[in-house]
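Residue-level listing of the chains:
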Amino acid sequence: MTANTVTFVIPHKGREEMLKDTLMSIAQQEYPVASMEIILVSQNSEVSEALREACGNVPFKVLFAEPEHTISASRNRGAQIAGGDYLAFLDADIHLSRNWLTACMKTLTERPGTKLVSAMQIPSDAPTPLEHIRVALSNAEVDCAVDFLPGRNLLLAKDTFYQAGQFPEHLITCEDYYFTDKVNQLGELFYTSAAQYIHIGEDKQLGAMFEKEIWRGQSNLASVKDRRIPLREWPSFIVPLAIPACVLAGLVSLIAGFPLFAVLCLVAAGLPVLAYSTRLYKLVRPNTSLIEVIKFYCVYFPARAVGTLGGIIKTFGTSSYGK
């Protein structure tokens, strides 16, 4: 039986080493080479010959995008010239398991009602506590239908892509929330453990994460427009803003001579951190300590607040794609 044709679409900006690993993992797929192609949409002025070599025998096309284009615009442009009946959207810092395409395609085509599939994240060979935390968050729900999927690795039919309205080019980040929500209105999003990926560009230290979370958070409010917001998602908007607001109110109250109210405000700021940390620790132990989890949220929430509020008045840039 002839295999379904698949086009891998990869938006790219900046670093090439991780992208090279991504391309090599595509070339090593247990899937007929004749049924695959790769379209790289790069914001670099040029790409090295090493990238073409990393693709092996898989057909490889390069499109160059303007620096001001969003990651969504790059994905949409790649999809427009895709020859495959199915589209695999990858970030440029993802290493796929050898069975990624075979397993995800099987789930997509054989599981009734499924419109989009993503593989489970696994840690690298030498993960830091922060990477363990990121993996645990990604894998909170596995082998089930979910409300949204991150854009790191997505497989869907080309027809579904256009029925969902393509990626939202007006959003700098949060475009995957927006797009997968549109697909979810057509059918199920399935997160499978039958295939895996490593996020090579995963944040390894809290300082780098702080900067990246500011960038990630800038389209939080803009992404709300024209899409339904599940009740479970509302805390992700409210909590990052409420915590610094409570801390600020506490400090002002202390200066103004209202110590009791200041204590109440600081307690109110700490309770969400404690609640989120306790829940996450259950997922990440014994790989990471509770202290590391608390440190994560003490950095994550302020960064998200800065990104969310800052995104209203300015645009935050990034030197490379990879979320």
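Structure's up top.
Rules and cut-offs
- Residues numbered from 1 in each chain as written.
- Predicted model: local features only at pLDDT ≥ 70, side-chain atom pairs only at ≥ 80, totals over all residues.
- Heavy atoms only, no water.
- Phe/Tyr/Trp six-rings, centres within 6.5 Å; stacked < 30°, edge-to-face > 60°.
- Helix = DSSP H or I, 4+ residues; strand = E, 2+ residues; numbered from the N terminus.
- Buried < 20%, exposed > 50% of the residue type's maximum accessible area, 1.4 Å probe, protein only.
- Lys NZ or Arg CZ within 6 Å of the ring centre and 35° of its normal.
- Salt bridge = Lys/Arg side-chain N within 4 Å of Asp/Glu carboxyl O.

### Quick notes on the packing of aromatic side chains
Here's step 1: This structure, assessed with the given rule, holds 15 aromatic pairs.
Here's step 2: With centroids separated by 6.0 Å and ring planes inclined at 45°, the aromatic side chains of F8 and W100 adopt a geometry described as tilted. Placement of the pair is F8 in strand 1 (residues 6-12) and W100 in helix 4 (residues 100-110), with a sequence separation of 92 residues. Per residue, the accessibility class of F8 equals that of W100, and both read buried.
Here's step 3: Ring centres of Y300 and F301 lie 5.5 Å apart, and the angle between their planes is 70°; this geometry places the pair in the edge-to-face category.
Here's step 4: Classification of F301 as buried rests on a relative accessible area of 2%.
Here's step 5: In textbook terms, an aromatic cluster arises when at least three aromatic residues are bridged by ring pairs, as seen for F89, F161, Y162, F167 and F179.
Here's step 6: The ring of F167 has R75 sitting right over it, with the charged end atom 4.8 Å from the ring centre.
Here's step 7: Directly above the aromatic system of Y276 lies the positively charged group of R279, at a separation of 5.1 Å from the ring centroid.

### A word on the pairing of strand 8 (residues 153-157)
Here's step 1: Where burial is concerned, most of strand 8 is hidden: five out of the five residues are buried.
Here's step 2: Burial along strand 8 is two-sided: N153, L155 and A157 and L154 and L156, pointing in opposite directions, are all buried.

### A word on the pattern of salt bridges
Here's step 1: A full pass over the atoms with the stated rule returns 12 salt bridges.
Here's step 2: Notably, a salt bridge pairs E110 with K106, separated by 2.9 Å at the nearest N-O pair. With E110 and K106 both in helix 4, this residue pair falls four residues apart, about one helical turn.
Here's step 3: The exposed category is assigned to E110, whose relative accessible area is 53%.
Here's step 4: Between R304 and E213 there is a salt bridge; the shortest N-O distance is 2.7 Å. Here R304, found in helix 11 (residues 290-313), pairs with E213, found in helix 8 (residues 206-217); they are 91 residues apart in sequence, far enough to count as distant. In this pair, the class of R304 matches that of E213, namely buried.

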